[in-house]
2 protein chains.
Amino acid sequence: MEGEKLGAAVAGLWAEVRELSLGTSPRIDVLDTPPSPLVFLRDYVSANKPCLVRGGAAHWPAVSRSLWSHDSYLAAILGKDRHVSLHLTPDGRADALAPLPDGDDDSNLCFASACVRRAPFAAALRLIAASGRDPTSPVVAYAQEQNDCFRAAAEYGGSALAADVEEEVPWATAALGCSPEAVNLWVGSGRSETSFHKDHYENLYAVVTGEKHFLLLPPTDVHRLYVRRYLAARYVSSSAAAATTAGVEELKLELEEPRREVPWCSVDPYPRTPKEAARAREEMPLYFQGPPPFQCTVRAGDILYLPSMWFHHVRQTPDSSGRTIAVNFWYDMRFDIKYAYFNLLQTIEYPPPSRDPPSGEEEPGDGPPVERRRNGSLCV
Amino acid sequence: MEGEKLGAAVAGLWAEVRELSLGTSPRIDVLDTPPSPLVFLRDYVSANKPCLVRGGAAHWPAVSRSLWSHDSYLAAILGKDRHVSLHLTPDGRADALAPLPDGDDDSNLCFASACVRRAPFAAALRLIAASGRDPTSPVVAYAQEQNDCFRAAAEYGGSALAADVEEEVPWATAALGCSPEAVNLWVGSGRSETSFHKDHYENLYAVVTGEKHFLLLPPTDVHRLYVRRYLAARYVSSSAAAATTAGVEELKLELEEPRREVPWCSVDPYPRTPKEAARAREEMPLYFQGPPPFQCTVRAGDILYLPSMWFHHVRQTPDSSGRTIAVNFWYDMRFDIKYAYFNLLQTIEYPPPSRDPPSGEEEPGDGPPVERRRNGSLCV
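Residues numbered from 1 in each chain as written. Chains lettered and ligands numbered in written order. Predicted model: local features only at pLDDT ≥ 70, side-chain atom pairs only at ≥ 80, totals over all residues. Heavy atoms only, no water.

K.L.:
Which residues make up the side chain of Gln144(A), and what are the values?
P.N.:
All names here are of chain A. Mapped onto the secondary structure, glutamine 144 falls in the loop between strand E8 (140-142) and helix H6 (170-176). Residue classification places glutamine 144 among the buried positions, given a relative accessible area of 7%. At 3.0 Å, the side chain of glutamine 144 forms a polar contact with the side chain of glutamine 146. Beyond its immediate chain neighbours, meaning those up to four positions away, glutamine 144 contacts Ser85, His87, Ala94, Leu185 and Trp186. (Helix = DSSP H or I, 4+ residues; strand = E, 2+ residues; numbered from the N terminus. Buried < 20%, exposed > 50% of the residue type's maximum accessible area, 1.4 Å probe, protein only. Polar contact = N/O pair within 3.5 Å; in protein donor to acceptor, adjacent residues only side chain to side chain. Contact = heavy atoms within 4.5 Å.)

K.L.:
Before we move on, can you summarise the relation of the copies chain A and chain B with the specific residues and values?
P.N.:
Least-squares fitting of chain A to chain B yields an RMSD of 0.0 Å, with the transformation described by 0.0 Å of translation along the axis and a rotation of 180°. Expressed as a symmetry operation, the mapping of one chain copy onto the other fits a two-fold axis. Across chain A, the rotation axis passes nearest the C-alpha of Ser46(A), at a separation of 2.4 Å. The residues that chain A uses at the interface reappear at the interface of chain B in 100% of cases, marking a shared surface. (Least-squares fit on C-alpha atoms with pLDDT ≥ 70 in both.)

K.L.:
Let's hear about the nonpolar core: which residues, and what values?
P.N.:
Across soluble globular proteins, nonpolar side chains have a tendency to be buried as a group. If you look at the biggest cluster of nonpolar residues, it comprises 115 residues, and the most contacted ones within it are Trp68(A) and Trp68(B). If you look at the next biggest cluster of nonpolar residues, it comprises 96 residues, including Leu6(A), Phe311(A), Leu22(B) and Tyr350(B). (Core = buried A, V, L, I, M, F, W, Y, C linked by side-chain atoms within 4.5 Å.)

K.L.:
Could you give an account of the pairing of strand E16 (residues 294-299) of chain B, with specific residues and numbers?
P.N.:
Residues and elements named next belong to chain B. The two faces of E16 differ: Phe294, Cys296 and Val298 on one face are buried, but Gln295, Thr297 and Arg299 on the other face are not. Note: strand E12 (residues 211-217) against E16, six bridges, orientation antiparallel. Its bridge partner being in E16, histidine 213 is matched across the sheet by threonine 297. (Pairing = 2+ DSSP bridges.)

K.L.:
Go over the pattern of salt bridges with me, naming the residues and quoting the values.
P.N.:
In the structure shown here, the tally under the stated rule is 32 salt bridges over all chains. For Lys5(A), the salt bridge identified is with Glu349(B), shortest N-O distance 3.3 Å. Of this pair, Lys5(A) sits in helix H1 (residues 3-22) while Glu349(B) sits in the segment after helix H10 (337-347), placing the two residues on different chains. The buried category is assigned to Glu349(B), whose relative accessible area is 19%. Lys252(B) serves as the salt-bridge partner of Glu254(B), at 3.7 Å between the closest nitrogen and oxygen. For Glu254(B), a relative accessible area of 37% gives the class partly exposed. Through salt bridges with shared partners, a single ionic network connects Arg93(A), Glu193(A), Asp268(A) and Arg272(A). (Salt bridge = Lys/Arg side-chain N within 4 Å of Asp/Glu carboxyl O.)

K.L.:
Lay out the sheet that holds strand E4 (residues 93-94) of chain B in plain terms, naming residues and giving numbers.
P.N.:
Residue and element names in this part refer to chain B. Judged by pairing direction, the sheet is mixed, and its five strands sit side by side in the order E4-E10-E18-E12-E16 without closing on themselves. The two strands at the open ends of the sheet, each matched to only one other strand, are E4 and E16. Pairing of strand E10 (residues 193-197) with strand E18 (residues 311-317), which is carried by three bridges, proceeds in the antiparallel orientation. Among the inter-strand pairings, threonine 194 is bridged to a residue of E18, identified as valine 314.

K.L.:
Quick one: what's the story with the environment of Thr136(A), residue by residue and with numbers?
P.N.:
You can see Thr136(A) is positioned in the loop between helix H5 (121-133) and E8. Along the sequence, Thr136(A) and Tyr226(A) sit 90 residues apart, while their C-alpha atoms lie 31 Å from each other.

K.L.:
An account of the packing of aromatic side chains is requested, with residue identities and associated values reported.
P.N.:
Inspection of every chain in the model, using the stated rule, returns 31 aromatic pairs over all chains. A centroid spacing of 4.9 Å and a plane angle of 80° characterise the contact between Phe40(B) and Tyr305(B), whose relative ring orientation is edge-to-face. Here Tyr305(B) lies in strand E17 (residues 303-306) and Phe40(B) lies in helix H2 (residues 37-45), a separation of 265 residues in the sequence. Aromatic pair Tyr201(B) and Trp330(B): ring centres 4.6 Å apart, planes at 15°, arrangement stacked. With a gap of 129 residues between them, Tyr201(B) in strand E11 (residues 201-209) and Trp330(B) in strand E19 (residues 324-332) connect regions that are remote in the sequence. With respect to class, Tyr201(B) is no different from Trp330(B); both count as buried. Each residue in the set Tyr142(A), Trp186(A), Tyr205(A) and Phe214(A) is aromatic and connected to the rest through ring pairs, giving one cluster. When the ring centre of Trp14(B) is taken as reference, the NZ or CZ atom of Arg224(B) above it lies at 5.8 Å. In this arrangement the basic side chain of Arg315(B) is found over the ring face of Tyr270(B), its NZ or CZ atom lying 3.4 Å from the centre. (Phe/Tyr/Trp six-rings, centres within 6.5 Å; stacked < 30°, edge-to-face > 60°. Lys NZ or Arg CZ within 6 Å of the ring centre and 35° of its normal.)

K.L.:
Give me the lowdown on the packing of helix H10 (residues 337-347) of chain A against H10(B), citing residues and values where you can.
P.N.:
It is the contact of H10(A) with H10(B), at a shortest axis distance of 10 Å, that shows an interaxial angle of 40°. By the angle between their axes, H10(A) is oblique relative to H10(B). Between H10(A) and H10(B) the crossing geometry is left-handed. For the pair formed by H10(A) and H10(B), the contact residues are Ile337(A), Lys338(A), Tyr341(A), Phe342(A), Leu344(A) and Leu345(A) on the first element and Ile337(B), Lys338(B), Tyr341(B), Phe342(B), Leu344(B) and Leu345(B) on the second. For the contact of H10(A) with H10(B), the residue count by class is 10 nonpolar, no polar and two charged. (Axes fitted to C-alpha atoms, helices over the stretch in contact; angles between N-to-C directions. Parallel < 35°, antiparallel > 145°, perpendicular 65-115°, else oblique. Left-handed = near helix turned anticlockwise from the far one by under 90°. Nonpolar A, V, L, I, M, F, W, Y, C, P; charged D, E, K, R; others polar.)

K.L.:
Quick rundown of the confidence of the model for chain A? Include the residues and the values.
P.N.:
Reading predicted coordinates in detail is not appropriate for stretches of low pLDDT. Averaged over chain A, the pLDDT score is 90; the fraction of residues at 70 or greater is 89%. Long-range and interchain partners of residues 355-380 of chain A, a stretch whose pLDDT sits below 50, account for 53 contacts in this model, where long-range means more than four residues apart. (pLDDT = per-residue confidence, 0-100.)

K.L.:
Requested: an account of the interface of chain A and chain B, with residues and values cited.
P.N.:
With 40 residues of chain A in contact, the opposing surface of chain B contributes 40 residues. In total, about 3,700 Å² of surface goes out of reach between chain A and chain B, with carbon and sulfur atoms giving 66% of it. In this structure, the connection of chain A to chain B is made through four salt bridges. A salt bridge links Arg334(B) to Asp43(A); the nearest nitrogen and oxygen atoms lie 2.9 Å apart. The tally of links from chain A across to chain B stands at 13 residue pairs in polar contact (both at pLDDT 80 or more). Elements with a minimum of two residues in the side of chain A that touches chain B: H1, helix H2 (37-45), H6 and H10 of chain A. For the side of chain A that touches chain B, the leading source of residues is H10(A), giving 10 residues. Residues belonging to the side of chain A that touches chain B are distributed by class as follows: 24 nonpolar, seven polar and nine charged. (Buried area = accessible area lost by both parts, 1.4 Å probe.)

What follows is the structure in C-alpha cells.
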C-alpha cells in the first residue's frame, strides 16, 4: 500500500486510542481508593490504561511511620554486613544514551550502562544522598537492581525491611490471578533519571519516600520514540578501590567488547542545552510536535499502575534525607492479542525510510527475540 | 515500507495470536462450570478469546423443562394476537451474498437482505419448521430481529416467555460491569444460515433447543475474509397476501434504490457446488489455505462467549420440532486499544492490490463510520 496512507493510519492510531480510551489530556485517571480487582482488571489492565491510586500504599508502615526516611533505621534494620548493588554513572542516567566514548561529535550516541559495584548498605545510603545533593559530584549513585532485589538474598531479601511494606498489591494480585514475579527496591536521588523504555510486565509502582515524576506513552506511540540500535557501552572506574568501597572518583565510558547493539528509544524529553533541544525537535518531530506524553507524579504512599508495554521516563524529587525510595511489583503480563498487534505495529516503518538511510537507523522490527531485563538483558 | 515485509507481518499476526493466546487447534476453550467474573474477564474478555460454557444455561426453565420445544406451549404463552417479525429468503441465507438480480453471471454478487414480514406467532412457528423440513420450499423463514426483540414490546417483550430464561448472564454482567444492551431471540430451522460477519458487542449466546454450529475467526484475520463492497439488494414478494399472512409463495431479489454499497465478507465457507468451491479456493486462498477457523457446536443449555469483533458464521441443527431457538445477550464492548489496533490493521491492504484492480474490490479501510445493526444498519 502507499506509504502515505499507512502513515496516516499510524498517526490515526495515536489519536484514536486517546479519543476512545486514554483521554486527550496529559492526565491519567486518579483513584482516591484502591479499585476492586474487577474494576482494576476491566477499566485498566484489559484496556491497557494507567491509573494512579492515591494513598494505595499509605498504610504500609514504611510510609505511615516514615520509617524509610531515616538512615539510622534503614542501616539498623539491614545490619552492618549487608552489601547491595550500586549503579554508578557520571550524571544519574544509567541505561541511557550518551556520546560515544572518544567520539569527536556529541551527536554520535551509544547506549550507556552503569558501573555496578557492591557496597555496604550504610555507605550506599550516604553516597546516594551525597551525590544527589552535590550537582558537581562526578559520580551519581542509584541502588536499583532489577532482579527481584527486594526479595533476593544477595540484595535486600531476608531482612526485616519486608515487614514495612506489603508483600504484594492485594487488588492487583486478585485481578491478575498471580503473585508478583519480581519485587524491586529503588533508592535514588534527585539526580537519578530513567530514560524512556518499556517492560514486558504489568507494573505496580509504589513510592515510599520522596516523589517520582513519570512521563508515559502508550505502546501505540512506539514510532514517536524513534527506537534505533545503539552500540552498547558501560561506565568503568579506574580506581582500584572501587571494587570494594564504591569510592569511585571518576568514571569513563567504554564500548562493550565484543561489540553489540541495543535497540533503544532515541527521545530524551528533557534536552540539556538549547542546542540539544533544537536538534531534538528537528530530528524527532513525531515526539516533540505530537500529543504530549501523559504525566504523573507519584507521591509517597501512592501506587501507579503502569501497564505492560507502556513507555515510561522517570525523574525524582528526594525527601529531606536526600533520597527517593520506591518498591515496584512486576506481575506477569498476558501475551495476548494486544501484544500480537503491537508486534505488527513495530514492523511498520514510520516515517517511511529515506532512499539512503543513515547507518545505525534501522528499525528493530525484525530484531532479536524479546529480552527481559530480569535475565540480565535489556528490553526497550 | 515494502509490501512484502508488511504482508509477512500481517500473516505473522495470524500465527502469533494463535501461538500466544488462542491455540493452534481449531477448538476453543470449553468450561464445564460458569467462570467467575474475574476469570471470565481476565482469561477471555481481556484476551478477546472465545469460550464455551457447557451447561451455562441448563438451569433455565426453557432448557431444563424443554419448554420451548413445544409449539403448544410457545403459542399459548405468547397469546393469539402476538405478531412477530419473520425474515424470509429463498434459501435460508439472509444478509448474505447472492447473484445480482438479472445478472447473466453468477459470479457477480450483491448483498441480499431478507424480505421482512409481520406474522402471527403461531403461524410463524409453523412456517419456520415447515420451510426448514422441506428442502424444496421456495421460502425459508427465520424469526431473528436483532433489535432487542426479546424485550421489545413490538416483538416478544411483555410476555411470560421472559420467565423461562435468565434476564442476563450473571457472571458476564458482573465481569463487564453492565447489563445487556440488547437481548435477541432467534427462531430458525436447519436451513437457516448466517454468513460471516462481526458485531461491535460482547456476545453471550445461549442455545435453548437444537444446536448451532459456529465458525469463528479473530479480528486479526480480517484480511482472510476478503471484505469488499457489494450493492445492497432485498428479497421482495409479489404476493399481495404476504403482508399479513407471511404466505409468501415466491421471492425475488431487487437492488435497493437509491443504490448503496455494503462492505461484507466475501468468504462462503461452505460452497454449494464443486465449481463454486474451486473458484473460492482460487480467489480466496488466504481463507481456504490458511489456518482453519475455530469451530464450536453450541448445544441446548450451552452458552458461547463470542468476543467483540470476532467474525462468525453460523449454521444450525433443529430439534425434533424442526426448530433451533437461541437467546443472545449483547453487552457493550470497550472501544479501547484493541479496537484502535484493529482499525489500523484494516487500513493495510493485503494482499497488495494489483496495479489495475477490478472494480468493486476496494478494501473498506477508509469506509463509513461504524454502523450498528441495532440501529437498523449493518456492520460487517
